[in-house]
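# Results of the structural survey
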Amino acid sequence: MSNIAIEGDRSVSERAHEVTDVHSHEVHEAVTLLFATMAETGAMGFAAPQIHIPLRIFIFSSYPHVNHEDAAQIPSTVVINPVMHSKEDPEKTWEKCYSLPGVRGLVPRYKKINVSYTTRDGNRIENRTLEGFAAGLFQHEYDHLDGVLYKARVEPQDREHDIIPEDEYKRQFGDDQLIR
């Protein structure tokens, strides 16, 4: 498996740098590595800091899944220098992450968000609304750009029961392979 940064690595605990030239070789290489890592792992999203590249880039895709049958169908999308404008309807959802191996967390996220970002081609997407699973996935990857792992989103008083070992999650909820 690729060299994925895990909790404790500097690259997943610091804010990533803004991309100044989306057409640069550095950005092209980062996107290529992100797609390769996502394909290798089967994840539905990956952020550049997770592969030791300190740039504000992530990729994500969304599709209906056994645990998210209502998920929007969104093809693999490159997101550069994202901005979240609004967030609505908080809820808690189960997440896992390659940067936090062996555990799952019941993480507070928003069901509906409004975002803007630059695409791989340099086009600016303004005020895109994402809902449900896609909104949660976007927030998870966005957090990586700010050096935030999902455990930090779980309230300290809830960590004992809202962060559980992977095998306990599988025992309680089944063996899905969904990874944000």
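Here, every reference points to the structure presented above.
What you see is a predicted model, and the numbers here were worked out from it, not measured in a lab.

Before going further, it helps to examine the overall build of the protein. Within the protein, the regular secondary structure consists of 4 helices and 6 strands. Helices and strands appear in the protein in the N-to-C order α-β-β-β-β-β-α-α-β-α. Compactness check: the protein gives a C-alpha radius of gyration of 15 Å against a globular reference of 16 Å for 180 residues, within 12% of the reference. Principal-axis analysis of the C-alpha atoms places the extent of the protein at approximately 45 × 30 × 30 Å. The 180 residues of the protein split such that 50% are buried. Relative to all contacts within the protein whose residues are 6 or more apart in sequence, the contacts with residues 24 or more apart total 66%. Total accessible area on the protein stands at roughly 8,800 Å², and carbon and sulfur atoms take up 48% of it. The average position of the 19 basic charges and that of the 29 acidic charges among the side chains of the protein differ by 2 Å.

The next point concerns the packing of aromatic side chains. Per the stated rule, a full pass over the model turns up 9 aromatic pairs. Taken together, a centroid distance of 5.7 Å and an interplanar angle of 90 degrees make the contact between F60 and F138 edge-to-face. Taken together, the residues F60 in strand β2 (residues 57-62) and F138 in helix α2 (residues 132-145) connect sequence positions 78 residues apart. Per residue, the accessibility class of F60 equals that of F138, and both read buried. For the pair W94 and Y169, a centre-to-centre distance of 5.4 Å together with 65 degrees between the ring planes defines the contact as edge-to-face. Residue W94 is found in strand β3 (residues 74-97), and its partner Y169 is found in helix α4 (residues 166-173); the two are separated by 75 residues along the sequence. Since its relative accessible area comes to 22%, W94 is described here as partly exposed. Given the relative accessible area of 6%, Y169 is considered buried.

If you look at the biggest cluster of nonpolar residues, it comprises 19 residues, and the most contacted ones within it are V19, L34, F46, I57 and I80. For this core, the secondary-structure elements that each account for two or more residues are α1 (25-41), β2 and β3. Counting 18 residues, the second largest nonpolar core, distinct from the first, contains F58, I74, F138 and L145.

Before going further, it helps to examine the environment of I74. As for its placement among the helices and strands, I74 is situated in strand β3. A C-alpha to C-alpha distance of 6.3 Å links I74 and Y63, two positions 11 residues apart in sequence. In contact with I74, not counting residues within four places along its chain, are F60, S61, S62, R128, L130 and A134.

The next subject is α1. Between its terminal C-alpha atoms α1 stretches 24 Å, which fits the 24 Å expected from 17 residues at 1.5 Å a residue. All of the buried residues along α1 are V27, A30, V31, L34, T37, M38 and T41. Mapping the buried residues of α1 onto a view down its axis gives an arc of 130 degrees, with all of them on the same face. Every exposed residue of α1 that faces more than 90 degrees away from the buried side is listed here: H25 and A39. Buried residues in α1 make contact with β1 (45-47), β2 and β3.

This part covers unusual backbone geometry. The phi angle at H52 is positive, at roughly 65 degrees, despite the residue not being glycine. For H52, the location among the structural elements is in the loop between β1 and β2. With a phi angle near 50 degrees, N127 is a residue other than glycine that sits in the positive phi range. For N127, the location among the structural elements is in strand β5 (residues 124-131). By relative accessible area, N127 is classed as partly exposed at 48%.

Rules used throughout
Residues numbered from 1 in each chain as written. Predicted model: local features only at pLDDT ≥ 70, side-chain atom pairs only at ≥ 80, totals over all residues. Heavy atoms only, no water. Helix = DSSP H or I, 4+ residues; strand = E, 2+ residues; numbered from the N terminus. Rg over C-alpha atoms; globule rule 2.2 N^0.38 Å. Buried < 20%, exposed > 50% of the residue type's maximum accessible area, 1.4 Å probe, protein only. Contact = heavy atoms within 4.5 Å. Areas by Shrake-Rupley, 256 points an atom, 1.4 Å probe, with all protein chains shown as cover. Lys, Arg positive; Asp, Glu negative; His and termini not counted. Charge placed at Lys NZ, Arg CZ, Asp CG, Glu CD. Phe/Tyr/Trp six-rings, centres within 6.5 Å; stacked < 30°, edge-to-face > 60°. Core = buried A, V, L, I, M, F, W, Y, C linked by side-chain atoms within 4.5 Å. Expected span 1.5 Å × (residues − 1). Arc of directions from axis to C-beta.

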